[in-house]
Amino acid sequence: MGIKILQQSKSRKQKAEAYKLFAKASDMGNLKAMEKMADALLFGNFGMQNITAAIQLYESLAKEGSYKAQNALGFLSSCGIGMEYNQAKALIYYTFGSAGGSMISQMILGYRYLSGISVLQNCEVALSHYKKVADYIADKLEKSEGVPVEKVRLTERPENLSSNSEILDWDIYQYYKFLAERGDVQIQVSLGQLHLIGRKGLDQDYYKALYYFLKAAKAGSANAMAFIGKMYLEGNVAAPQNNATAFKYFSMAANKGNAIGLHGLGLLYFYGKGVPVNYAEALKYFQKAAEKGWPDAQFQLGFMYYSGSGVRKDYKLAFKYFYLASQSGQPLAIYYLAKMYATGTGVLRSCRTAVEKKLKSLKKRRCIQWHFSYGIELPFKDVRLARRLYDMAAKTSPDAHIPVFFALMKLETVHLFQDILFFNFTMRWKWMKLDNTLGPYWDLFVIGLIVAVLIFLLRNRYL
């Protein structure tokens, strides 16, 4: 009950009510409620922040086998927050957490072995940890055989001020609702999608989604027809699972050349839903949808050639279609590319490439945020992000301008020499050695350089 209130709550008062229920359940020994209360005490979500009490609760939960508590204790130990700074103990906590089935612990251990934090750097071990998380996510995705929802984009009109916002203002929603009732087909489809997946602050409402899709389909929208097919294929309270109805709407969309409809028909024939399994028909529809650039159809083609489903195994073609789909961010395509690199299937085996692909796949499923939640920096540098953060620092205080100026000079110099000029063609260890030697005295070096340039200019001027 508390979780349901917390998920639906928007005000602090409602959230406080949820935590009161967690507190009561925690006193009765409910492990999930205790985990929620420990998190609340650690982050100060409910009442006053109390890290000591949170640690005590986590320790008692860890004895009961809670992997969430193992994760939290590992994080606190690794950062020295409320506990002794102890990387060895943190590693033990994370290891127990991963053994208990924690995907977060698997991610953290993968990062540690990839970067060599408190352990010997080992790409193969890192790959095995990332693989477990990627396999878990891929398994969940593969079990969902429906048509993925394409990206929701409201109208491109200039007055659309909230298309990039995570929350759709109520007044703007009423405006779009008015346009939809007036017969704006594009808005009808967009609102149907928003209600279908519960985006931009709108509750998931299958009845409203179906209502808007039916109105748009009646006006001839192929996208709306395809989404109605999706709803009946997957089944929900508004559209009970019905393969025949799904086939009907997918066919209507496909007849208009719609890629989602073509892909939907391909899925029905591939899995034998409402029609006999027919790989030849599935291949035909997937190819038509892939030609229109639909990434999920490109993935399905790759999977058919990878697994030999109805076609002869061809890893080169599999790689081609996985790669095409991955360029649009299709998570399963990225996952299978990583799998091919990890095993050397159809490509030269590359541990590092496999790890990078798995990380990219996990990022598409929002799993990479675990790294940020647990205070772990990502293994890849981002120069643009660094510049943005330095700019933000400079705006906070006038005193920050000079140190930020020096920091930016160092960043740009390192980027120039390392990535643009000749350091891609020289031994990397030489640059690392230079950076380690010069890094602590960078400010003094720049000041000395500026003074030397000024002296040179002044001398030339008066000579």
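Residues numbered from 1 in each chain as written. Predicted model: local features only at pLDDT ≥ 70, side-chain atom pairs only at ≥ 80, totals over all residues. Heavy atoms only, no water.

1. So, the confidence of the model for the protein chain
Considering every residue of the protein chain, the mean pLDDT works out to 76; 69% of them sit at 70 or more. Within the model, pLDDT remains below 50 along residues 145–166, and this stretch shows 59 contacts once partners closer than five positions in the same chain are excluded. With pLDDT under 50 throughout, residues 418–437 is counted as low confidence; its partners more than four residues away or in other chains account for 15 contacts. (pLDDT = per-residue confidence, 0-100. Contact = heavy atoms within 4.5 Å.)

2. Re helix H3 (residues 31–43)
With 13 residues, H3 ought to run about 18 Å at 1.5 Å a step, and its terminal C-alpha atoms sit 18 Å apart, in line with that. Buried within H3 are the following residues: Ala33, Met34, Glu35, Met37, Ala38, Ala40, Leu41 and Leu42. Measuring from the side-chain oxygen of the N-cap residue of H3 to the backbone nitrogen of Lys32 gives 3.1 Å; that N-cap residue is Asn30. Just beyond H3, the residue with positive phi is Gly44, at close to 75°. (Helix = DSSP H or I, 4+ residues; strand = E, 2+ residues; numbered from the N terminus. Expected span 1.5 Å × (residues − 1). Buried < 20%, exposed > 50% of the residue type's maximum accessible area, 1.4 Å probe, protein only. Polar contact = N/O pair within 3.5 Å; in protein donor to acceptor, adjacent residues only side chain to side chain.)

3. Topic: the packing of aromatic side chains
Taken as a whole, this structure holds 21 aromatic pairs when the rule is applied. Their ring planes at 70° and their centres at 5.8 Å tell us that Phe303 and Tyr336 sit as a pair that is edge-to-face. Of this pair, Phe303 sits in helix H16 (residues 295–307) while Tyr336 sits in helix H18 (residues 331–343); the two residues are 33 residues apart in sequence, bridging distant segments of the chain. By relative accessible area, which is 5% here, Tyr336 ends up buried. The interplanar angle of 85° and the centroid separation of 5.2 Å between the aromatic rings of Tyr335 and Tyr336 together place this pair among those described as edge-to-face. Accessibility expressed as a relative area gives 6% for Tyr335, which makes it buried. The structure contains a cluster of three or more aromatic residues connected by ring pairs, namely Phe270, Tyr271, Tyr279, Phe286, Phe299, Phe303, Tyr306, Tyr315, Phe322, Tyr335 and Tyr336. (Phe/Tyr/Trp six-rings, centres within 6.5 Å; stacked < 30°, edge-to-face > 60°.)

4. Thoughts on the nonpolar core
Generally speaking, a soluble globular protein has its nonpolar side chains buried in company with each other. Judged by nonpolar contacts, the single largest core of 74 residues is most densely connected at Phe213 and Phe322. Excluding residues that lie within four positions of it along the chain, Phe322 makes contacts with Phe299, Gly302, Phe303, Tyr306, Ala333, Tyr336, Leu337 and Met340. With 29 residues, the next largest nonpolar core counts Tyr19, Leu42, Ile108 and Leu109 among its residues. (Core = buried A, V, L, I, M, F, W, Y, C linked by side-chain atoms within 4.5 Å.)

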